[in-house]
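Notes for the structure review
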Amino acid sequence: MIMNQNTPQRRRERIDRGIKVRCQGIYSLMSWREMTYITAPRAALIAGLLALPLVMPGMYWQRVISIVCIYALLAVGFDFLAHFVGLVSLGGAFFVGVGGYLAAILNTAWALPPIATIPAATVIGATLCTLLLLPCLPLRGVYFAIVTLMYPLFLARVIEALDILGGTDGIMGIDGFGGRWTEQYAVIGMLLIVLFAVRRLVNTDIGLVLRGVKDNDQAIRASGMNVTRYKALAVFITAAMGCMSGAFLVHIYMWSGISQFALDFSILPIAATVIGGGGTLAGPVIGCLILVPVSELLRDFGTLRIVFYALILVAFIVFRSEGIMVYAQRKYHQFERWTQV
Amino acid sequence: MTQAPLLQVKELSKTFGGIRALEKVSFDVHEGEILGIIGPNGSGKTTIVNGITGFIRLTSGQVLFRGRDIAGKPAHKIADMGVTRTFQIMRPYYSLPAYKNLVIPLFSPRARRTGGWRGGGRLGDRHTVGIDILEEIGFERDSHVPYKATATLPTGYLKRLELARCLALKPEIIICDEVFSGLSMSEIASMVPLIERLQMDGITLIMIEHRLRELFKVASRVMVLNFGRKLMEGPPAEVMADARVKEAYFGSREVREVMDHA
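Residues numbered from 1 in each chain as written. Chains lettered and ligands numbered in written order. Predicted model: local features only at pLDDT ≥ 70, side-chain atom pairs only at ≥ 80, totals over all residues.

Comments concerning the overall build of chain B
Check the secondary structure of chain B and you find 11 helices and 10 strands. Whereas a compact globule of 262 residues would reach a radius of gyration of roughly 18 Å, chain B reaches 18 Å, a difference of no more than 12%. Its C-alpha atoms give chain B principal-axis dimensions of roughly 50 × 40 × 40 Å. Every one of the 262 residues in chain B was classed for burial, and the buried ones make up 45%. Within chain B, contacts between residues at least 6 apart in sequence are counted, and of these 65% link residues at least 24 apart. (Helix = DSSP H or I, 4+ residues; strand = E, 2+ residues; numbered from the N terminus. Rg over C-alpha atoms; globule rule 2.2 N^0.38 Å. Buried ≥ 20, exposed ≤ 12 C-beta atoms within 10 Å, placed from the backbone. Contact = placed C-beta atoms within 7 Å.)

Have a look at this one:
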């Protein structure tokens, strides 16, 4: 302390903006400024996503937007399970594969239209995935992650080796959405509904229980609640999002194959969550909006693509490890100033 | 005792590998009493708590709650019957504000059936009920304390939060694993009346303690454990006077003075 007498120590102090504090009361509903402050970020996200297909230069980039939304569904699911329930799942590809194949079977065998196959694949697929993951639910942390990673690899090999469900060729002749605008807005609309539903869910009482499972599963048991049941519920919700995105995917590509069990569907949502900011739910969507188009742009570089991709990821982790959304929220709600220590 | 005991523990044994943590420990707990369990470090006190509440699998023995054997049942089922516990190392939900910690136990099937502490079978809004419980347990309602992030609360409040979580379930028994430890003298002084009030409300308590002075004040009976065996059991005065207890628990003569103070 004596050493630093000449150079006064300073630190940055963060203080909530006045408008943020005012918005915490019910009175904020009487002022346009406060109401705008609350609703503007949400409105911007909704409007931005809805406007995206309109500003895209062509069919190719419109398709990219659909893929962004599919990954975003997975990423929101990953974020929910990892940051609100404490289960780190690498099973994105598992959910996509199961949902995709189910939709494909329902469409080709029973000629159901996409409007029926997508909800059916979501519910049946999520049930299937939850049942298959049930034995792994007592596992925690990295062990759960590794087991969930094995499932898609396993299923892909099974389909390949037994030559069932079209084998390596996959299932072809699946109905499309009938129009690119229908396709675009079906996916975007679904993403928005899921995003806001999950945001609402984590703040309800049952959402608090799920967050309790992450914080402290022993205390949940001591409170007379079955931890495995709540974990299963959370896995079901995540699996439903994953299966839904898989079902959308096969109807967009009009083809279902073992590439739906590819690791991309497990890894990219995690990368997007890291970039976008874990625990924010909207962050992973923003992460996908950056990562998926970037990986498309990098296609020109051929094999070097993965190098650039890795560099971008590393840069984000080094310089903005908290994630875009956390950073943006902080800037939005707080201001900084230097104070003397 | 005319009534059958509320909780009967019969020949409880637990081995961890070659270590015998508990060897045939038996004791009864009667409705409305406070049973103290004391013993030196490593004598198996916490193992008893874990064993009764289903947090570990017992090697052998029976635990009868109202005549039903609950040994071997999963922890959440035992808690659902009203046999609740606190943790020695507090286990709150650190990422939530204090009052939301109670929304979680109030969501449990038992709380929904009973309505939570003081609930007459109907559970109101969980946030309000949670704050009511916190107020009774010593969180100043109109201050900011119940709304503070749990991670910023001092130990005294966290210990109370542990008790509050049990109360939210409208418990029949609370097994307190060292609720006094780590507290300042004044915090303990405010905790003792709280324990007495719980007893007056008809809750049976098992208290595991190292703070003998306070324990002997509230407990109706005290059981002494040593190396996983039951050394003796009796009213506080008897336990205090017992030579074996002094020797086993304290080992040396000079600490006798502490006992005399207590």
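Further notes follow.
Some remarks on the sheet that holds strand β7 (residues 173–177) of chain B
All names here are of chain B. Strand order in the open sheet formed by 6 strands is β6-β7-β8-β3-β9-β10, and the pairing between neighbours is mixed. Two strands bound the open sheet, and with one partner strand each, they are β6 (83–85) and β10 (229–234). On average, each strand axis in the sheet is inclined to that of its neighbour by 20°, with strand direction left out of account. As judged from the 4 bridges shared by strand β3 (residues 34–38) and strand β8 (residues 204–208), these two strands associate in the parallel manner. Bridging across to β8, Leu-35 finds its partner in Ile-206. Its contacts with the sheet place helix α1 (residues 45–52) against β3, β6, β7, β8 and β9 (221–226), and it is angled at close to 150° to β7. (Pairing = 2+ DSSP bridges. Axes fitted to C-alpha atoms, helices over the stretch in contact; angles between N-to-C directions.)

A short note on the interface of chain A and chain B
Listed as interface residues are 17 residues of chain A and, on the opposing side, 22 residues of chain B. Those elements giving two or more residues to the side of chain A that touches chain B turn out to be α8 (205–215) and α9 (217–222) of chain A. Looking at the side of chain A that touches chain B, the element that brings in the most residues is α8 of chain A, giving 7 residues.

Looking at the packing of α8 of chain A against helix α10 (residues 227–253) of chain A
Residue and element names in this part refer to chain A. Axis separation between α8 and α10 bottoms out at 10 Å; the angle between their running directions is 110°. With respect to each other, α8 and α10 are oriented roughly perpendicular. The interaxial crossing formed by α8 with α10 has left-handed handedness. Judged by residue contacts, Val-209, Leu-210 and Val-213 of α8 engage Val-227, Tyr-230, Lys-231 and Ala-234 from α10. Its residues assigned to classes, the contact of α8 with α10 shows 6 nonpolar, no polar and 1 charged. (Parallel < 35°, antiparallel > 145°, perpendicular 65-115°, else oblique. Left-handed = near helix turned anticlockwise from the far one by under 90°. Nonpolar A, V, L, I, M, F, W, Y, C, P; charged D, E, K, R; others polar.)

Looking at unusual backbone geometry
Notably, Leu-281 of chain A is not glycine yet its phi reads approximately 65°, a positive angle. Owing to 25 C-beta atoms within 10 Å, Leu-281 of chain A belongs among the buried residues under this scheme. The backbone phi angle of Glu-178 of chain B is positive, close to 55°, even though this residue is not glycine.

Some points on α1 of chain B
Burial of α1 of chain B is extensive: 8 of the 8 residues sit out of reach of the surface. At the C-terminal side of α1 of chain B, Gly-54 of chain B shows a positive phi close to 80°.

Considering the domain arrangement of chain A
When the parts of a complex come together, some accessible area is lost, and that lost area is often used as the size of the interface. Residues and elements named next belong to chain A. Considered domain by domain, chain A is made up of domain 1 (17–55) and domain 2 (57–263). Spacing between the C-alpha centres of domain 1 and domain 2 amounts to 30 Å. With 5 residues of domain 1 in contact, the opposing surface of domain 2 contributes 5 residues. Looking at the side of domain 1 that touches domain 2 residue by residue, the classes come out as 5 nonpolar, no polar and no charged. (Domains from an automatic or database assignment.)

Quick notes on the pairing of strand β1 (residues 10–16) of chain A
Consecutive side chains of a regular strand alternate in pointing toward one face of the sheet and then the other. All names here are of chain A. Among the 7 residues in β1, 0 count as buried, and that is only a small part of the element. Pairing of β1 with strand β4 (residues 334–340) involves 7 bridges; the strand directions are antiparallel. Bridged to Glu-13 within β4 is Arg-337.

Quick look at the pairing of β3 of chain B
Residue and element names in this part refer to chain B. The element β3 is largely enclosed, with a buried count of 5 among its 5 residues. By the alternation rule, side chains of β3 split into Ile-34, Gly-36 and Ile-38 and Leu-35 and Ile-37, which are all buried. With 4 bridges joining them, β3 and β9 adopt parallel strand pairing. Bridge pairing in β9 links Ile-37 to Met-223.

A word on the environment of Ile-67 of chain A
Relative to the helices and strands, Ile-67 of chain A is located in helix α3 (residues 59–84). Through-space distance from the C-alpha of Ile-67 of chain A to that of Val-187 of chain A is 8.9 Å; in sequence the pair is 120 residues apart.

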